[in-house]
Amino acid sequence: MNFKTLGRSSALLVATLLCTAPALADPVSVTDDDGHEIRLEQPAERIVSLAPHITEVLFAVGAGDKLVGATQHSDFPPEAEMLPRVGGYSRIDMERVVQLDPDLVVAWRSGNSQSQIEHLRELGFHVYVSEPRSFDGVSASMRRMAQLAGTETQGDEAVRSFEEAIDTLRQDYAERDPVRLFYQVWEQPLMTVNDDHLISEAIRLCGGVNVFGHLDRLVPRMDREAVIEADPEVIIGGGMGEDRPDWVIAWTQWEDMTAVQRDNLFFIPPSLLQRHTPRIAEGTRLMCEELERARLRRAD
């Protein structure tokens, strides 16, 4: 046996293996919307989403194939409907989350139970908390989730497309006359949003004025009489689903309201405005068009 030849062959084999072996990924560190630092030894490969909008954002930034679980109503894109369910966003099935063994859980501050978020941390899970309150916040969340999933290239492209859409709308509608409006989030109980909510940034971009923007709570409950007294020029509602404007139609019985008299009762599919995702650019475009329609009706 030629030991010199064997030695050279072994060295060549080791060198080949070293060259072809996958490089270890670098650690990932981001700060979430609650100010917590999330540090992963490498990008997440098994992610559980605790809200429909989070599921949608993860798909948007190229991390959909890393999702192993999501909450009910995670229905966009269509592939999300095939994911295993971990309960509803307001009540998480903790046992199911543990069974899925994620290396990252993405939670929603104003939607998930704080005690359940803390319990997940106590169990040793890395939990990133999302709560964007502005268009810039949506962009930041997209970038961070892409970083946590190791999909920065796709994330950067998605953010660029979203920001271009928002900038175009801002240029088109920045100088329009103000329109007072009431945005209805829910019917029973009757609910709206204040000026700190992301939807209110869409309202402002379109030249709208939220008649209840001054209230303290992010999502205040309302008396119907308060809306009637405020007498908005426009009422916009999200309805009970993507194609059911029932709530908006119900306002027609109050015939003395300006919004009713001018037929300024508009419906926008809730997933386009009430989810903190890139699709809010499309919902904002629809809102801007409806407010422009209301401006034109002033002359009539």
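Above this note sits the structure.
J.: Sorry if this is basic, but what is going on with the packing of aromatic side chains here?
T.: The relation between two aromatic rings is expressed through the spacing of the ring centres and the mutual angle of the planes. Enumeration over the complete set of coordinates arrives at five aromatic pairs. Relative to Trp 108, the ring of Tyr 89 lies with its centre 5.1 Å away and its plane at 55 degrees, an arrangement referred to as tilted. With Tyr 89 in the loop between β5 (87–88) and β6 (91–92) and Trp 108 in strand β7 (residues 104–108), this pair connects stretches of sequence that are 19 residues apart. Centroid distance Phe 182 to Trp 251: 5.9 Å. Interplanar angle 75 degrees. Geometry classified as edge-to-face. In this pair, Phe 182 sits in strand β9 (residues 179–184) while Trp 251 sits in the loop between α9 (246–249) and α10 (258–261), placing the two residues 69 residues apart along the sequence. In terms of burial, Phe 182 and Trp 251 fall into one category: buried. An aromatic cluster is present here, built from Phe 182, Phe 212, Trp 251 and Trp 254 joined pairwise through their rings. The residue whose ring lies beneath Arg 224 is Trp 251, and the NZ or CZ to ring-centre distance is 4.6 Å. Lying across the ring of Phe 76, Arg 279 places its NZ or CZ 3.6 Å from the centre.

J.: Any chance you could explain helix α6 (residues 152–173) here in plain terms?
T.: Structurally, the α-helix is built with 3.6 residues per turn, so residues lying three or four positions apart point the same way. For α6, built from 22 residues, the straight-helix expectation of 32 Å at 1.5 Å per residue is met to within 8% by its first-to-last C-alpha distance of 31 Å. Three or more residues of α6 are buried, namely Gly 155, Ala 158, Val 159, Phe 162, Ile 166, Leu 169 and Tyr 173. For α6, the angular spread of buried residues about the axis comes to 100 degrees, placing them on one side. Across α6 from its buried face, at more than 90 degrees, point the exposed residues Thr 153, Glu 157 and Gln 171.

J.: What am I meant to see in the state of the cysteines here?
T.: Any covalent bond linking the sulfur atoms of two cysteines counts as a disulfide. Summed over the entire model, instances satisfying the criterion amount to one disulfide. One disulfide bridge connects Cys 206 with Cys 288, the sulfur atoms lying 2.1 Å from each other. Across the S-S bond linking Cys 206 and Cys 288, the dihedral sits near -80 degrees, which makes this disulfide left-handed. Of this pair, Cys 206 sits in the loop between α7 (198–205) and β10 (208–210) while Cys 288 sits in helix α11 (residues 280–299); the two residues are 82 residues apart in sequence, bridging distant segments of the chain. Overall, Cys 206 belongs to the buried group, its relative accessible area being 0%.

J.: Is there a simple way to explain unusual backbone geometry in this structure?
T.: Most peptide bonds are trans, and most residues other than glycine sit at a negative phi. With omega at -5 degrees, the peptide bond leading from Phe 76 into Pro 77 counts as cis. Looking at the secondary structure, you find Pro 77 in the loop between β4 (67–69) and β5. Going from Gln 188 to Pro 189, the amide bond is cis rather than trans, its omega being 0 degrees. Residue placement: Pro 189 occurs in the loop between β9 and α7. If you check the backbone angles, Asp 101 has positive phi at about 50 degrees while not being a glycine. One can find Asp 101 in the loop between α3 (94–100) and β7. The phi dihedral of Asp 263 is positive, around 60 degrees, even though this residue is not glycine. In this fold, Asp 263 is placed in the loop between α10 and β12 (265–267).

Cut-off values and rules
Residues numbered from 1 in each chain as written. Predicted model: local features only at pLDDT ≥ 70, side-chain atom pairs only at ≥ 80, totals over all residues. Heavy atoms only, no water. Phe/Tyr/Trp six-rings, centres within 6.5 Å; stacked < 30°, edge-to-face > 60°. Helix = DSSP H or I, 4+ residues; strand = E, 2+ residues; numbered from the N terminus. Buried < 20%, exposed > 50% of the residue type's maximum accessible area, 1.4 Å probe, protein only. Lys NZ or Arg CZ within 6 Å of the ring centre and 35° of its normal. Expected span 1.5 Å × (residues − 1). Arc of directions from axis to C-beta. Disulfide = S-S within 2.5 Å.

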